[in-house]
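The residues making up each chain are set out below.
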Amino acid sequence: MSTKRVVTRTKRTRRAQFEGFKFTQEMVPTDGGDILADYRARAWEAFEDLPYPTTRDEPWRRTDIRALKDDFLLPIKGAYEDLPAIPKSLLKPLVSDQHGGQIVLLPGGLQKEPLDSELTQKGVIFTDLETAAQQYPEQLAKTLGQIVEPKEGKFAALTSALTRNGIFVYVPRGVQVEQ
């Protein structure tokens, strides 16, 4: 008894390429001093120069962005003020009974608990990007974009150009922070 094999072929429909986001250069923040403004401007240039990734790019071969919608919005300053409070259980220290300092990044802003004075005296810096640009420009300039460079990809460049808040941590050589 022979078995029959039926092969059905269907024509694949071609999906259109992702058209891009509706972000513009005017949306790039200009506050935060020269260091952040220059960094964001260079990141925007990289964003405009780089192509969107496709499944032909090795890191993206299993991620198809063609179905990505273009309706992303940037939060307006202070948008977090209308949100419910963060549950206290999420703000508890992970490794000790108290924080050395705490910054909570929120849509359109942040909440900051000052760094422990003992750590400050040792030269540790733990602050938000805007404050770091104003008070510690040399340290920020040395580290900004060192872990993920804007030119590494379209999304890294877009994130770098449009970021409004972030955290800057600096621990001097030889100093150990346990909190």
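Residues numbered from 1 in each chain as written. Predicted model: local features only at pLDDT ≥ 70, side-chain atom pairs only at ≥ 80, totals over all residues. Heavy atoms only, no water.

### A word on the overall build of the protein chain
Secondary structure summary: the protein chain contains five helices and four strands in total. Walking the protein chain from its N terminus toward its C terminus, one meets helices and strands in the order α-β-β-α-β-α-α-α-β. For 179 residues, the compact-globule estimate of 2.2 N^0.38 gives 16 Å, and the C-alpha radius of gyration of the protein chain, at 23 Å, exceeds that figure by more than 25%. Considered along the principal axes of its C-alpha atoms, the protein chain spans approximately 85 × 45 × 40 Å. In the protein chain, which comprises 179 residues, the share counted as buried stands at 30%. Here the contacts in the protein chain between residues at least 6 apart in sequence split such that 71% fall between residues at least 24 apart. For the protein chain, the accessible surface area stands at approximately 13,700 Å², while carbon and sulfur atoms represent 51% of it. Charged side chains in the protein chain number 25 positive and 25 negative. The centres of these two groups are separated by 15 Å. (Helix = DSSP H or I, 4+ residues; strand = E, 2+ residues; numbered from the N terminus. Rg over C-alpha atoms; globule rule 2.2 N^0.38 Å. Buried < 20%, exposed > 50% of the residue type's maximum accessible area, 1.4 Å probe, protein only. Contact = heavy atoms within 4.5 Å. Areas by Shrake-Rupley, 256 points an atom, 1.4 Å probe, with all protein chains shown as cover. Lys, Arg positive; Asp, Glu negative; His and termini not counted. Charge placed at Lys NZ, Arg CZ, Asp CG, Glu CD.)

### Let's talk about the confidence of the model for the protein chain
When the pLDDT values of the protein chain are averaged, the result is 87; 96% of them are 70 or greater. Summarising per-element confidence for the protein chain, the mean pLDDT is lowest in strand β2 (residues 109–113) (89) and highest in helix α5 (residues 154–162) (94). (pLDDT = per-residue confidence, 0-100.)

### A short note on the nonpolar core
General note: in soluble globular proteins, nonpolar side chains tend to be found buried as a group. In this structure, Phe21, Phe23, Trp44, Phe47, Tyr52 and Leu158 are the most contacted members of the largest nonpolar core, which totals 14 residues. Listing elements by their share of this core, those giving two or more residues are α1 (33–49) and α5. Within the second largest apolar cluster, nine residues are counted, among which are Ile125, Ala133, Leu140 and Leu144. (Core = buried A, V, L, I, M, F, W, Y, C linked by side-chain atoms within 4.5 Å.)

### What to know about a nonpolar patch on the surface
On the surface, Leu105, Ile167, Val169, Val171 and Val177 cluster together to form a nonpolar patch covering roughly 360 Å² of accessible area. Along the chain, the position of Val171 falls in the segment after β4 (167–170). (Patch = residues over 30% accessible without salt bridge, like charges linked within 9 Å, V, L, I, M, F, W, Y side chains within 5 Å. Salt bridge = Lys/Arg side-chain N within 4 Å of Asp/Glu carboxyl O.)

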